[in-house]
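# Structural description and commentary
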Amino acid sequence: MNKIFRRAFLSMVALLFLIFACACSAEPDKKTFTVEEMSITLTDAFAEKPMLAQTACYETDDAMVTVLKDRGASFDPEMTLTEYAESVILLNKLDQVNAFVQTDGNLVYFTFEQEVLDKDCSFMAFVYQNGETFWMIQFVCETDDAEEMTPVFFEYARSVAFAV
């Protein structure tokens, strides 16, 4: 009887371990967030958080996405995305931290590193234009995680869409 109980107990522990391991390794589901006419597909691990001077902000434990809609007061709507990104870099003195405009297909972006709250952080800032309005969407993570997060950030950046 003791052997049967022990086997049943060990089988139950193994089953619980298997269930827990499967639950922990599950990928988060995709989730689309919308602010004004812009939408971005992230994962359901993100939660919207208020952030001053940003149109929207979404956070997880290991990444943050900020969204800024430039309502036209700062920049000429006739600028190209590259010119807009260069202007943002110069205006924010990001050229001092080696930020420069890059492209990947139809994406225009720049990267830089900066210390935030005593943590070294990596930023990927993608710029978009919808009509006469420019948008900047920044993806932020700790610098130690940047190599792993870069392809994920590109996937998120490619998901950005604007309503007509």
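Below is a short write-up of the structure. Residue positions within a chain follow its written sequence, with the count starting from 1. The model is predicted, so local features are restricted to residues of pLDDT at least 70 and side-chain atom pairs to those at 80 or more, both for listing and for counting; the totals for chains, interfaces and linings are taken over all residues. To obtain the side-chain values, all non-hydrogen atoms of the structure were used and water was disregarded.

## What about unusual backbone geometry?
- Located in the positive-phi region is glutamate 36, a residue other than glycine, with phi close to 50°.
- In this text, helices come from DSSP runs of H or I with a minimum length of four residues, and strands from runs of E with a minimum of two, each type numbered from the N-terminal end. Position of glutamate 36 among the secondary structure elements: in the loop between β1 (30-35) and β2 (38-43).
- The backbone of leucine 117 sits at a positive phi, close to 50°, despite the residue not being glycine.
- Structurally, the position occupied by leucine 117 is in the loop between β7 (107-116) and β8 (119-130).
- Each residue gets one of three labels from its accessible area relative to the maximum for its type: buried under 20%, exposed over 50%, partly exposed in between, using a 1.4 Å probe on protein chains only. Judged by its relative accessible area of 80%, leucine 117 is exposed.

## Examining the pattern of salt bridges
- Within this document, salt bridges are pairs made up of a side-chain nitrogen of Lys or Arg and a carboxyl oxygen of Asp or Glu, the two lying within 4 Å of each other. Applying the stated rule across the entire model yields five salt bridges.
- Residue glutamate 36 pairs with lysine 69 through a salt bridge whose shortest N-O separation is 2.7 Å. Taken as a pair, glutamate 36 in the loop between β1 and β2 and lysine 69 in strand β5 (residues 64-70) lie far apart in primary sequence, 33 residues in all.
- The class for lysine 69 is buried, based on a relative accessible area of 14%.
- Across the pair glutamate 142 and lysine 119 runs a salt bridge whose closest N-O atoms are separated by 3.6 Å.

## Examining a negative patch on the surface
- Judged by side-chain charge, Asp76, Glu78, Glu83, Glu86 and Glu132 come together as a negatively charged surface patch.
- The topology assignment puts glutamate 86 in helix α2 (residues 81-91).
- Under the relative-accessibility criterion, glutamate 86 is labelled partly exposed at 40%. The residues that make up patches have over 30% relative accessible area and no salt bridge, and they are joined within 9 Å when like-charged or within 5 Å when they are Val, Leu, Ile, Met, Phe, Trp or Tyr. All accessibility values rest on the Shrake-Rupley procedure with a 1.4 Å probe; residue burial counts only the protein chains present in the view. Positive charges come from Lys and Arg alone, negative charges from Asp and Glu alone, with His and the N- and C-terminal ends not counted. We put the charge of a Lys on NZ, of an Arg on CZ, of an Asp on CG and of a Glu on CD.

## Thoughts on α2
- Among the residues of α2, Tyr84, Ala85, Val88 and Ile89 are the ones counted as buried. Each buried residue of α2 sits inside an arc of 140° when the element is viewed along its axis, so together they form one side. Exposed side chains of α2 directed beyond 90 degrees from the buried face belong to Leu90 and Leu91.
- Summarising the contacts, the buried residues of α2 are in contact with β5, β6 (101-104), β7, β8 and β9 (133-142). By definition, the arc is the one covered by directions from the helix axis to the C-beta atoms. We call two residues in contact when some of their heavy atoms are within 4.5 Å.

## Regarding helix α3 (residues 146-158)
- Every helix has an expected span of 1.5 Å times one less than the residues it contains. With 13 residues, α3 should reach 18 Å at 1.5 Å per residue; the first-to-last C-alpha distance of 18 Å fits that figure.
- Of all the positions in α3, only Ala146, Met149, Phe153, Phe154, Tyr156 and Ala157 are classed as buried.
- Those residues of α3 hidden inside the fold are in contact with β2, β6, β7, β8 and β9.

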